[in-house]
Amino acid sequence: MTRTHLFTSESVTEGHPDKLADQISDAILDSVLEDDPNGRVACETLVTSGLAIVAGEISTETYVDVRDVVRKTITEVGYTDPKLGIDGDACGVITAIQEQAGDIAQGVERSLEVREGSEDPRDVLGAGDQGMMIGYACRETDELMPAPIAIAHRLTKRLADVRKAGIVPYLRPDGKSQVTVRYEDDVPTTITTVVISAQHGEDVDVGTLLAPDVREHVVEPVLAEVGLDAEGTRILVNPTGKFEMGGPAADTGLTGRKIIVDTYGGLVPHGGGCFSGKDPTKVDRSGAYFGRHVAKTIVTAGLAERAQIQVAYAIGTAQPVSFFLDTFGTSEVDPQRIEETVRDFFDFRPLAIIEELDLRRPIYRETAAYGHFGRKGFPWEETGRAEELRRSFA
């Protein structure tokens, strides 16, 4: 008997207030790493009407004009008019930044393994905090991501693209998408509902102008390319009506409030912490990236149709305190053997992760909208070792 269920994921545009805050935090991180690859950053941003507040801990050998970074990021996202509630050229910027606490720094820089006598250089750097991280990959889409979140991201990215290109000139930066997919025996088959909420200019009629434009230029092109049945898809555009007031003027934004949007759309667990504003010594970020890298390599190697990894650390330790692999009954070989092989094949120590993925680079602003996973150009999405891993099971 076929088991059928619905699953829904959402995405938000780069102009959503929480995503604006994420991008500011990551732009500050990139500015530090550009001149100081060993800089330590834990940066939080709050944005509200006419104001951005940046707080956190930054230890670096370089100088970053935080206010300039904040203003530039707000402007690039599209908030260039005081009528939108925040203007990159005119908004207020408040900073409250201090250095990383000495107790944390010494624990990270000389890990427990080093203190116990290890001579391996990769044991020098301990985890920047405790926590558990999740990595996942599946064969639902070409990018090896769950279908609902992958489609939701394509819709919000398309919504932003048509705004910036002037195709739908009255659109404003804020917006959301939501996608519901029907699964049959855990295989996505049909897109049942799409919801788009798009901020727009004044005097734009939703029913006669916005809804037809969004359907034609955003929803239909995306649905045509995803490869699922969308014949009877219910499409809702601004279901509450007008959406003129948006962005930080309508809803205060905060770094780290869209962690499910950032990862797998709720289809699998999320570890704990957010990613944005954190340098790669924070395993909240680097551990999750590496988990995705490993899970995607397993699926690419043909060892399983789905793979989920949980890895956990204690602050100041290099070796994980736990590792768990679940292939949900889809593995081609004994899943226990996959787990044991993966533990030997990949090095999960923080410094090893940083080196393998080359994470001490200013690459993070780009991650802060439209998902950290499933997008080309990020090193954790590369699967160059998949064939080598597959051969180890020959």
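Residues numbered from 1 in each chain as written. Predicted model: local features only at pLDDT ≥ 70, side-chain atom pairs only at ≥ 80, totals over all residues. Heavy atoms only, no water.

1. Some thoughts on the sheet that holds strand β11 (residues 253–254)
Okay, so step 1: In spatial order, the strands read β6-β3-β2-β11; together these four strands make up an open sheet with mixed pairing. The strands lining the two open edges of the sheet, one partner per strand, are β6 (92–98) and β11.
Okay, so step 2: The sheet contact formed by strand β2 (residues 40–48) and β11 spans two bridges and is antiparallel. Across the sheet, the residue bridging to leucine 46 is leucine 254, located in β11.
Okay, so step 3: Packed onto the sheet, helix α1 (residues 17–35) meets β2, β3 (51–59) and β11 and runs at close to 150° relative to β2.
Okay, so step 4: Against the sheet, helix α2 (residues 66–77) engages β3 and β6, with an angle of about 130° to β6. (Pairing = 2+ DSSP bridges. Helix = DSSP H or I, 4+ residues; strand = E, 2+ residues; numbered from the N terminus. Contact = heavy atoms within 4.5 Å. Axes fitted to C-alpha atoms, helices over the stretch in contact; angles between N-to-C directions.)

2. Remarks on the environment of aspartate 81
Okay, so step 1: Mapped onto the secondary structure, aspartate 81 falls in strand β4 (residues 80–81).
Okay, so step 2: Sequence-wise, aspartate 81 and isoleucine 315 are 234 residues apart; in three dimensions their C-alpha atoms are separated by 44 Å.
Okay, so step 3: Contact partners of aspartate 81, with chain neighbours within four places excluded, come to Ile86 and Asp87.
Okay, so step 4: Within polar-contact distance, the side chain of aspartate 81 engages the backbone nitrogen of lysine 83 at 2.9 Å. (Polar contact = N/O pair within 3.5 Å; in protein donor to acceptor, adjacent residues only side chain to side chain.)

3. Overview of the pattern of salt bridges
Okay, so step 1: Per the stated rule, a full pass over the model turns up 26 salt bridges.
Okay, so step 2: Glutamate 387 is the salt-bridge partner of arginine 390, the closest N and O atoms lying 2.6 Å from each other. With a gap of three residues between them, arginine 390 and glutamate 387 both fall in helix α12 (residues 386–391), about one helical turn apart.
Okay, so step 3: With relative accessibility at 37%, the residue glutamate 387 sits in the partly exposed group.
Okay, so step 4: It is possible to trace a salt-bridge network through shared partners that takes in Asp120, Arg122, Asp347, Arg349 and Glu355. (Salt bridge = Lys/Arg side-chain N within 4 Å of Asp/Glu carboxyl O. Buried < 20%, exposed > 50% of the residue type's maximum accessible area, 1.4 Å probe, protein only.)

4. With respect to the packing of helix α9 (residues 283–300) against helix α11 (residues 350–357)
Okay, so step 1: At their nearest, the axes of α9 and α11 sit 10 Å apart, and the two run at 60° to each other. Looking at the two axes, α9 sits oblique to α11. α9 and α11 meet at a crossing whose hand is left-handed. For the pair α9 and α11, contact is made by Val283, Ser286, Gly287, Tyr289, Phe290 and His293 and by Pro350, Ile353, Glu356 and Leu357, respectively.
Okay, so step 2: Considering only residue class, the contact of α9 with α11 consists of six nonpolar, three polar and one charged. (Parallel < 35°, antiparallel > 145°, perpendicular 65-115°, else oblique. Left-handed = near helix turned anticlockwise from the far one by under 90°. Nonpolar A, V, L, I, M, F, W, Y, C, P; charged D, E, K, R; others polar.)

5. Re the sheet that holds strand β8 (residues 171–184)
Okay, so step 1: If you trace the four strands from one edge of the open sheet to the other, you get β1-β8-β9-β10, paired in mixed fashion. Each having just a single partner strand, β1 (4–12) and β10 (234–237) make up the two edges of the open sheet. Averaged over all pairs of adjacent strands, the angle between strand axes in this sheet comes to 15°, irrespective of strand direction.
Okay, so step 2: In this sheet, strand β9 (residues 187–200) lies alongside β8 in antiparallel orientation, the contact comprising eleven bridges. In the sheet register, threonine 180 faces β9, and the bridge partner there is threonine 193.
Okay, so step 3: Contacting β8, β9 and β10, helix α6 (residues 206–225) crosses the sheet at an angle of about 140° to β9.

6. Quick notes on the packing of α1 against α2
If you want to describe how two helices pack, look at the angle between their axes and the distance between the axes.
Okay, so step 1: At their nearest, the axes of α1 and α2 sit 9 Å apart, and the two run at 135° to each other. The orientation of α1 with respect to α2, classified from their angle, is oblique. The two elements α1 and α2 meet at a crossing, and its hand is right-handed. Of the residues in α2, those touching α1 at Leu20, Gln23, Ile24, Ala27, Ile28 and Ser31 are Val66, Val69, Val70, Thr73, Ile74 and Val77.

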